[in-house]
Amino acid sequence: MIPFGAIIGVIVALRLLSRNQEGQSQQASPYATNSSYLFLTIVLVIPSTLFTLFGLLAGVWFFAPFTLLGIALCFPWTVARHVFIPLGWPRWASRFSYLAMMSWGSDARGGQALAAAWALLRARNPSAEARAYVEAKLEAADSPLRGAGIVAHGLMAASRGDLETARVLCRSVSLLDRRVAPRLARKLALEWCLADAAAHGRWREVLVISQKGSGSYSLAAFFRASARRLLAEPHAGRVVLISWWVLALRWWATWPLLKRAWRTPPRRASLLDLEAGETQAADRLARALELHAALARVPAGHEALALSAAAVAWDEALDSSKVHDLAAERAQGVGPLAGAEALDVLGDEVAEELAAWALAREVKLAQLEPGSDMVENVAYRVRNELLERIESAAQDMTYRLAERRPLPSEEEWRHFLALQHQCTLATSLGGLEVRRLAFDAVNVPLCNLGAWLFNERQEKAIANGMFRWLLEESRDVGTEEDCRRYQNNVGCGA
Amino acid sequence: MATPLYVGIDLGTTNSTAAAFDGEKLTLIRNAQGANLTPSVVRIDARGAVTVGDRARRLIDSDPQNTRSEFKRLMGTSQALEFAAAKLSKKPEELAAEVLKSLRKDVEQQLGVAPTCAVISVPALFELPQSAATSEAARLAGFSRVELIQEPVASALAAGWSANDEGSWLVYDLGGGTFDVSLLETRDGLLRVVGHDGDNFLGGRDFDQAIVDEVLAELLRTQGVDIRRADPRHATALRKLKRAVEEAKIELSRTDELPLLVPGAFETDNGPVDVDVVLTRARVEAACAPLVQRSINVCLRLLAAHGLEPSQLGKVVLVGGPTAMPFLRSQVQAALGAPFATDLDPMTLVAQGAALYAASSGLDGRPAASSAQPAPSGRKVWLQYPAMSSDLSPHVVGRLVEGDSGPKPALVRLVRADGGWSSPDSPLSAEGAFVLSVELVPRKPNTFRLEGMGADGKPVPLAPASFTIVQGLTLSDPPLSRSIGVALANNAVRVYFERGAPLPARRTFRQRTVEAVAKGSTGNVLRIPIVQGELEWAHLCRLVGALEIRGDQLKASLPADAEVELTLELDRGGRLSARALVPALGQVFEQVAQLQVPDATPESLQEGLTAARERLSMLRSSAFRRGAPGVVASLSQADQALAEIERDVEAARGGDADAGQKARRGLLDLDAQLEQAEAGLRWPELEETVREELAVASSWVAQFGSPAEQTLLDEAMKACERARAGRQQVELQRHLRSVRKLGNAAFYRHPSAWEWQFDSASSRVSEASDVSKAEELVQRGRRALEQQRREELRHVVEQLWRLLPEDAQERRLAHDSGVR
Amino acid sequence: MSLSEKDVFARLKENAFHVLGLRPSCTRMEVEREGQKLLAMLELGLSEAAHYDTPVGRMPRTAELVRASMATLRDPTTRLQHALWAQLPPGTPAAQVPAKEEPASWPEAPVRLGWRRPG
Ligand SMILES: Nc1ncnc2c1ncn2[C@@H]1O[C@H](COP(=O)(O)OP(=O)(O)OP(=O)(O)O)[C@@H](O)[C@H]1O
Ligand SMILES: [Mg+2]
């Protein structure tokens, strides 16, 4: 007979023990896996399971349920992942995830929360009570917040329907030190992000995510290969596609994508028919307006070209004497200078609209045609806008730090992410100069935030994530002191 | 058809008037005393009985505790007015409601119908809270629907109605408490408000005050008695004197000289003091001249703002009591040159215009029961047409009311009742609708018959069978007098409605939150302040309301940088509503908190005054240093304004709430003026700083910088030059910061850098927030310096810096806004 | 910070001439007449008045927009500005060119990969 009562008793005892020792063991090695269950598995669960298995083979049917239970206890994550999460049972998913602490490395509590949040996401009509349970698990994972906890918060946001927050959080795991972001958490975050981007048809984002994320290499590579074929990028062959599909081992799940990507013939990017209306619009103003209006239908990837064309047309229109005559004629009765003034205002309005469009479509400024006044004007506005946003956000963070107003850990992280995202966007649109100015604006407040979280609030994992990003920035656009400071800070660990 | 009843009311500071229009002629309403003007004075006696008008006004001297006037100037504030005998306190709008009630009764007396709708005039520069209070007053007085019109627009409408000429007009409206001037233009029978200006705190009252000051100055000169406005002891006596002075002033419009005698007016420590002076016209004119000049300056400013010379004006319309003064007339005439519109009554013009406006917006005052006609028979048609139209061929649109039974017409036709015109037969569209253009006889009510015909050519009765359109000058939508927007966290303003936007209006913009709001916490609030004004910076605009999103209302925490879709809506009566949708949470928030003009306590005013004074003196010294004559000149104007505000603050301390409001207003304007002066100084200052700092930074980086930093600096210097050439101030500051940072980094590599920093910080110890701690730090620093412990020295300096004062916070200024 | 919140093509979409269905050469009286007609039609819910064309597509017409457009065209300065933007008539050929297709999305991805419950 197997003393299951005793086994469970031992588990409970070990659990209590580990709880008592938590403080000390954390000090000893902050990244250590809580190994009590592993120990228990090797010493007790595996032998007893084997024993019942032999018994079963010997024909003692009585052992059958115990064998099943034993196997389940040997592979707790598999059970949670394939049984309780699909069933949408947060409690059980979380319990088995607890047993799977091996998979969660240094963030076992985060792992529990993650499994619970995922199960909630899968639940048909989650009860308020289930929600409260997951919230409680999330709260438990909050101090300190680590990789799996962040993904858990992301999934929770997704279950609320707030996909934007979910995206931000799931993507942010790649900023953390790997020691505090368990591989499983990174993998799940990556898979969620890929599925989400694919579901919304954002194939360009799939490319970026699959490159940045980690934890699930072959699946990411398969998604990338598919996205490249769908976007008709050059050299996106079928061999690569099928190889990664095979290697990714998610054959059933990814079969529709494979089919679709297989079918699409890679086509060469074709230029946009911007010239269509040329013969029609004899006068320059109408032509500029036409190109301007055409921006509403520019496909992704052709933004810079279309914007440059519109800007040049506006330059010509605003300089043309015919247009000046037209404005003067329309301005009759308003005043002698009204026509010219109106054109000046028009120029400003156009620049503003084009800049807003460039910002919305995330046009890279360096790709715009140089030498046009309107292009310069637009680029200036876009840059200014990006920087102003960053500066004002940095300013707000400064105020908050000055007043020492703490936020919950997850929101602290999101506050940082919001700023970091703006900086990345600014850099990607505006290039090195904007990157330098953006870094200058956020350097001090973010450093202070990180230090506050690290020193006083023991949120070392996310603070470390912040310092890692700051280090990367300061290597390119900071002073030597900045580099050294962040190297030190990152060196302090997570 | 019974004649319609369009009612307009001029709710004035001193006098109120009502007028009625029936589509053809204007009638002035007389009150029980047979006068057109009803003084805006309310008295409540010990039994709670309310008296309004002349009878109340006569008691204002003998019973000031129970009689109140000039409450219009407190509209929209929370200031309650006490009635001692009845032990009541009433809000300004409740008192205004009493006046409106009495006017409504007068209309009923004269025309036999108590109107349910009316148009009420308000000063052009009234802000939202004041307009909202006026609408509220009308509601309290029993009007179920009311629209507001700006006084100058009303005057112009009335003036335009009786005259035929086209061109630009100036309406000069100097009332008891407010001065409005409007530039208008009539073309093609359309009246357009080109622009407004004015002064919410300039009127006959201020003339009285100026004369009182003159009298007090004489008392000081001849009898050596110093009476101060701030002394609450003299409040009653001053009020009495003021009334006497006002009467004398009005009298002096006709005579040249008048004795002013108030025996035993003031109680002083040395016994009672008599007032016994002779007021001459010349003396009164001398006292009032600066005020008149001020009003003329406003007119010139308005003309200049629209690129007009006074000579281009076709006509000037004078409105309001003080314009009866011959001296004022001649001054205005001399300054503006244009002829005055004669044969218009300056005292009732506004009410007449309001009545005309009621007609053009179809606000028939007859109660529903009396206007109901014998149940109309025939197929019901829903008609849309302008009740009043300046267009000679407006459109009439109609549609069969669905669900109504009866024979359906196939064709419809409109026939003018005088038989002079009829439309072609027009088939109904698939929706059962028709659009027809009709022809009107100018300046007359035009009645049309609506005739329907079946497919068989037989007439089909329709209801209504006829309707009337009045042809004449119209104004379609009341324009907003000052822009309305949302204050953003960086102290900028996002304008939702521009000045001049037609009401009603609604607009939605997307904002982003600055900070997270945690779910459940009550202390955590996202504030969205709504401001009104034309200035670029939120703190210079008036706060007229705020939408708050509190943590305890949230379904989930609201992260920083979350999107908020904010919709502002304004109705014709100036009522504002706001709605914030948070898409991430799918939640909507609607409560608008606090829609009131803030109280002006003497303490807060004094604070503002001190700050303004300091700022002024700083600006002046910096303007002199830089030799900017334009700025110096504008500062001397600010000086005058400051002096006036000082006087008002003093009066506010003596219990004059109105003067307090005026001072608050003045402070805001002064702030704006100083802001402008500062902006003029900022650019040269910035250029100079850039020059200096570039030199310093490049020398440090050359000595101690790494090659990478050298490249960064070169780039930043180039960018600085670019921004300087393009006069892009923000951009230049940004690059300057970057340069400064690179320079600083290099500077601190100098072995003695921290030593120098320590010296400079320790010299500022007296400014520290905690001086004793700072001194202790300085001691520690000295020791570290002696022992050459660099790291510790650095630590000390950093701690010292933390104790030294920092710059003011922008967000505080921006009404604590939580969005951007 | 003013760029992002503005609707990008607002000046074409909310052009007063387009809203009223008029050309820049129209008279003041036409503006009043057309505006008054549209307001009446909107009030009666006639489908004819429910939309207007712009160079960037068809937009829903509201009474507020019509009133605002009338006010815009009454003021010669703002009218001038709108006239310049309205130089391109709505419904030019460029307006009808459909946007290039983006590759289709894969909406069932989250279900397939186990992130959402099927159905
Ligand atoms: N003949 C006159 N000469 C000089 N001043 C006069 C004369 N008649 C009236 N006033 C002054 O005119 C003022 C009242 O004017 P009016 O009735 O136009 O103001 P109101 O319409 O009540 O005020 P507001 O328009 O500011 O609300 C009082 O200050 C009164 O002293
Ligand atoms: Mg008046």
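Here the structure is shown first, and the text comes after it.
Residues numbered from 1 in each chain as written. Chains lettered and ligands numbered in written order. Predicted model: local features only at pLDDT ≥ 70, side-chain atom pairs only at ≥ 80, totals over all residues. Heavy atoms only, no water.

## A short note on the interface of chain C and chain A
Piece 1. Across the contact, 46 residues belong to chain C and 72 residues belong to chain A.
Piece 2. In this assembly, chain C packs against chain A so that about 5,300 Å² is buried in total across both faces, 63% of it on carbon and sulfur atoms.
Piece 3. Applying the counting rule to chain C against chain A returns three salt bridges.
Piece 4. With its nearest N and O atoms 3.6 Å apart, the salt bridge here joins Arg11(C) to Glu349(A).
Piece 5. Seen at the junction of chain C and chain A, the total is twelve residue pairs in polar contact (both at pLDDT 80 or more).
Piece 6. Elements with a minimum of two residues in the side of chain C that touches chain A: helix H1 (10–13), helix H5 (76–85), helix H6 (93–96) and helix H7 (109–112) of chain C.
Piece 7. Among the elements that line the side of chain C that touches chain A, the one with the most residues is H5(C), at seven residues. (Contact = heavy atoms within 4.5 Å. Buried area = accessible area lost by both parts, 1.4 Å probe. Salt bridge = Lys/Arg side-chain N within 4 Å of Asp/Glu carboxyl O. Polar contact = N/O pair within 3.5 Å; in protein donor to acceptor, adjacent residues only side chain to side chain. Helix = DSSP H or I, 4+ residues; strand = E, 2+ residues; numbered from the N terminus.)

## What about the nonpolar core?
Piece 1. With 168 residues, the main nonpolar core has Trp77(A), Leu114(A), Phe223(A), Trp314(A) and Trp413(A) as its most contacted residues.
Piece 2. Residue assignment places this core across two domains, with domain 1 (271–362) and domain 2 (376–491) of chain A each supplying three or more.
Piece 3. The contacts of Trp413(A), once residues within four sequence positions are left out, are Leu145(A), Ile150(A), Leu169(A), Ser172(A), Leu175(A), Leu176(A), Ile462(A), Gly465(A) and Met466(A).
Piece 4. Counting 50 residues, the second-largest nonpolar core is a separate cluster that includes Phe179(B), Leu279(B), Val292(B) and Leu308(B). (Core = buried A, V, L, I, M, F, W, Y, C linked by side-chain atoms within 4.5 Å. Buried < 20%, exposed > 50% of the residue type's maximum accessible area, 1.4 Å probe, protein only. Domains from an automatic or database assignment.)

## Side note on the sheet that holds strand S23 (residues 433–437) of chain B
Piece 1. Spatially, four strands are ordered S23-S20-S18-S26 (chain B) in an open sheet, and the strand pairing comes out mixed. Looking at which strands have only one partner, the edges of the open sheet turn out to be S23 and strand S26 (462–463) of chain B.
Piece 2. As paired elements, strand S20 (residues 395–400) of chain B and S23(B) share five bridges and run antiparallel to each other. Considered in S23(B), the bridge of Val397(B) is made with Val435(B).
Piece 3. Packed on one face of the sheet, helix H3 (residues 28–43) of chain C meets strand S18 (379–384), S20 and S23 of chain B and runs near 10° to S20(B). (Pairing = 2+ DSSP bridges. Axes fitted to C-alpha atoms, helices over the stretch in contact; angles between N-to-C directions.)

## So, the pattern of salt bridges
It is possible for side chains bearing opposite charge to pair when their charged atoms get close.
Piece 1. Applying the stated criterion across every chain yields a total of 69 salt bridges over all chains.
Piece 2. Residue Glu191(A) pairs with Lys187(A) through a salt bridge whose shortest N-O separation is 3.3 Å. Of this pair, Glu191(A) and Lys187(A) both sit in helix H10 (residues 183–199), four residues apart, which is roughly one turn of that helix.
Piece 3. Each member of the salt-bridge network shares a partner with another, and the members are Arg383(A), Glu391(A), Glu731(B), Arg734(B) and Arg737(B).

## Concerning the packing of aromatic side chains
Piece 1. Evaluation of the coordinates by the stated rule reveals 22 aromatic pairs over all chains.
Piece 2. Here the aromatic cluster, defined as three or more aromatic residues joined through ring pairs, consists of Tyr385(B), Trp421(B), Phe448(B) and Phe467(B).
Piece 3. Note that Arg485(A) overlies the ring of Tyr486(A), its terminal NZ or CZ placed 5.2 Å from the centroid. (Phe/Tyr/Trp six-rings, centres within 6.5 Å; stacked < 30°, edge-to-face > 60°. Lys NZ or Arg CZ within 6 Å of the ring centre and 35° of its normal.)

## With respect to the sheet that holds strand S35 (residues 587–589) of chain B
All names here are of chain B.
Piece 1. With antiparallel pairing, the four strands of this open sheet are ordered in space as S30-S33-S34-S35. Among the strands making up the open sheet, the edge pair consists of strand S30 (505–512) and S35. Averaged over neighbouring strand pairs, the angle between their axes works out to 20° when direction is ignored.
Piece 2. As paired strands, strand S34 (residues 576–582) and S35 are joined by three bridges and run antiparallel to one another. Along S35, the bridge assignment pairs Leu581 with Val588.

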